Amino acid sequence: MVDSPRAAAAYIATTATRSPSVEEAQSGSASESPSLPTKSSGEDADGELLPALFWDGTEDWINEDNCADFAALQALKHDDTTPEERADEYKRKGNEALKYKQNKIYVRKAVQQYTLALMEKVEDLSLNSVVHSNRAHAALLLGNFRKALEDAQVSVELDPANVKAWFRAAKSAYGLDNFDECVAFCLGGLKLEGGNRELQALLKTATKGVAKRAEQIQRDDASRADVESFMKEITKRQLEYGPPTMGTGEHMPAFAEDGETMTHWMLFVYPEFMSTDVIERFNELSSFADQLDSMFADDAPPLSWDSDGAYTRDRLELYYQSNAVRPYPLDVLEGRLLDKARGSRRTEPARGDRQWDKGTIDPRDQCMHLITEGNTLAEVLAAKGHVLPGHPVVYVVSRGTEFRAKFLAGDWEI
């Protein structure tokens, strides 16, 4: 039978590590000095060895239901003291351990001791409130804001006059980004102690968080409305988008000044010379003939790479590739647009988060299609099988060159 706390702790530890030596067992209680005593990994402030549960850094929260060493810890209760005395002693040991809060081993030891105190089920509401509040403090030190909030809330319920519990509840709520809840806890604590500077400072910070969150919600709502409107326009125009392939990223169309027509970021590729041109705002109602007339006007600067002068306005041919990539499903595209609008934030799971495999395209379905210059951009983009790889891509070749034959035969690559 295990008949003392020291022997019980040593007994528990033997299931995961070595037994303490005689010298360690007689090391006494922790020093009041702020400096940390020198201990090997797994030892507590009394020279005892903590169960592996308390020092491997991956344990579940310690409570009566899920503590792996619960049965052995129960043995600590078998002595001649009253439940109140044992609870108070466990609380004292927890407080002693927290003197060395820089070391998580001691913080976890404190959680263990506070848990044992609560397991005594004493009827002293004030004592139970203090223990829950202290365990909340330990949870805050471990970064477990949710468990800290649970304990702090119970502490406030048991003793509404416990100002520390109000502060720890507020601090936990702030750690969870629950700014409204944090403000409420701050106000509750300040009703009891209006001059509490910690509560005043936290209230000021949380109030700013509430305002900032409200502004962000407004921006998110506006972004969501814009994306929904954009998706309607995409669907109406029969546009299909897929992953970018040219190393130029994704460039979605934007509304023109009239608010009705769209402009597109367009990449013109000259595969013979591995050169490109970018048109940032190609209006969907403009024809390719109009665009080429502007790009290759008589007063346009000469092309530095066209030493033979083959790429003149009258010799140009434009092509797009069908089924360049597999198209995004509409919900995936919408999710990506929402993510882009929010930047790195994520206030809710995007509908595009579902698994989507870009798969592979049968090369037999990928063909170069000659663009009729008189057609508008909108007409070309809506053609069946025209999937935009992040943005429209048009290939430019010159009639009468050797490369044109290779291009049409597929005997080339970028």
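Refer to the structure presented above.
Residues numbered from 1 in each chain as written. Predicted model: local features only at pLDDT ≥ 70, side-chain atom pairs only at ≥ 80, totals over all residues. Heavy atoms only, no water.

*Asks:* Let's hear about the overall build of the protein chain: which residues, and what values?
*Replies:* Looking only at helices and strands, one finds 14 helices and 8 strands in the protein chain. The burial tally for the protein chain puts 43% of its 414 residues in the buried class. Considering only contacts within the protein chain whose residues lie at least 6 apart along the sequence, 65% involve residues at least 24 apart. Carbon and sulfur atoms form 49% of the exposed surface of the protein chain, whose accessible area is close to 22,100 Å². (Helix = DSSP H or I, 4+ residues; strand = E, 2+ residues; numbered from the N terminus. Buried < 20%, exposed > 50% of the residue type's maximum accessible area, 1.4 Å probe, protein only. Contact = heavy atoms within 4.5 Å. Areas by Shrake-Rupley, 256 points an atom, 1.4 Å probe, with all protein chains shown as cover.)

*Asks:* Residue-level account of the pairing of strand 3 (residues 262-270), with values.
*Replies:* Along strand 3, 9 of the 9 residues are buried, which leaves the element largely enclosed by surrounding structure. Here strand 2 (residues 254-255) runs beside strand 3; their pairing, made up of 2 bridges, is antiparallel. Directly across from Phe255, in strand 3, lies its bridge partner Met262. As judged from the 7 bridges shared by strand 3 and strand 4 (residues 275-283), these two strands associate in the antiparallel manner. Its bridge partner being in strand 4, Val269 is matched across the sheet by Thr276. The turn joining strand 3 and strand 4, which pair antiparallel and follow one another in sequence, is formed by 4 residues; a positive phi near 55° is taken by Met274. Bridge count between strand 3 and strand 8 (residues 393-398): 3 bridges; the pairing is parallel. When the sheet's bridge partners are listed, Leu267 is paired in strand 8 with Val393. (Pairing = 2+ DSSP bridges.)

*Asks:* Describe the packing of helix 4 (residues 83-97) against helix 5 (residues 104-119), and please don't skip the residues or the numbers.
*Replies:* For the pair helix 4 and helix 5, the least separation of the axes is 8 Å and the interaxial angle reads 170°. By the criterion of interaxial angle, the relationship of helix 4 to helix 5 is roughly antiparallel. Crossing handedness for the pair helix 4 and helix 5: left-handed. Mapping the contact onto sequence places Ala87, Tyr90, Lys91, Lys93, Gly94, Asn95 and Ala97 in helix 4 and Tyr106, Lys109, Ala110, Gln113, Tyr114, Leu116 and Ala117 in helix 5. Split by residue class, the contact of helix 4 with helix 5 holds 8 nonpolar, 3 polar and 3 charged. (Axes fitted to C-alpha atoms, helices over the stretch in contact; angles between N-to-C directions. Parallel < 35°, antiparallel > 145°, perpendicular 65-115°, else oblique. Left-handed = near helix turned anticlockwise from the far one by under 90°. Nonpolar A, V, L, I, M, F, W, Y, C, P; charged D, E, K, R; others polar.)

*Asks:* Provide a residue-level description of helix 11 (residues 288-295), including the pertinent values.
*Replies:* Taken as a whole, helix 11 has its buried residues at Phe288, Ala289, Gln291, Leu292 and Met295. All buried residues of helix 11 lie within an arc of 160° about the axis, which places them on one face of the element. Contacts made by the buried residues of helix 11 are with strand 3, strand 4, strand 5 (316-321), helix 13 (377-381) and strand 8. (Arc of directions from axis to C-beta.)

*Asks:* I'd like a rundown of unusual backbone geometry, residues and numbers included.
*Replies:* Negative phi values dominate among residues other than glycine, just as trans dominates among peptide bonds. Unlike most non-glycine residues, Asp177 shows phi in positive territory, near 65°. Take Asp177: it is sitting in the loop between helix 8 (163-175) and helix 9 (179-192). The phi torsion at Gln238 lies on the positive side, around 60°, for a residue other than glycine. Residue class for Gln238 comes out exposed when judged on its relative accessible area of 55%.

*Asks:* Could you give an account of the packing of helix 5 against helix 6 (residues 125-141), with specific residues and numbers?
*Replies:* Running from amino to carboxyl end, helix 5 crosses helix 6 at an angle of 155°, the nearest separation of the two axes being 9 Å. Classified by the angle between their axes, helix 5 and helix 6 sit roughly antiparallel to one another. Between helix 5 and helix 6 the crossing geometry is left-handed. Contact residues: helix 5 offers Val107, Val111, Tyr114, Thr115, Ala117 and Leu118, while helix 6 offers Asn128, Val131, His132, Asn134, Arg135, Ala138 and Leu141. Across the contact of helix 5 with helix 6, the residue classes break down as 8 nonpolar, 4 polar and 1 charged.

*Asks:* Residues and numbers for the packing of aromatic side chains, please.
*Replies:* Geometry of an aromatic ring pair is reported as the spacing of the ring centres plus the angle between the planes. By the definition in use, this model includes 15 aromatic pairs. Taken together, a centroid distance of 5.4 Å and an interplanar angle of 80° make the contact between Trp305 and Tyr311 edge-to-face. Tyr311 shares its class with Trp305; the two are buried. Put simply, the rings of Tyr319, Tyr395, Phe403, Phe407 and Trp412 touch in pairs and so form one group of aromatic residues. (Phe/Tyr/Trp six-rings, centres within 6.5 Å; stacked < 30°, edge-to-face > 60°.)

*Asks:* Hey, could you go over the environment of Arg237 for me, with residue numbers and the actual values?
*Replies:* Inspection of the secondary structure assignment puts Arg237 in the loop between helix 10 (197-236) and strand 1 (240-242). Taking the C-alpha atoms as reference, Arg237 lies 6.6 Å from Ala382; in sequence the two are 145 residues apart. Beyond its immediate stretch of four places on either side in the chain, Arg237 contacts Glu260, Thr261, Met262, Glu284 and Ala382.

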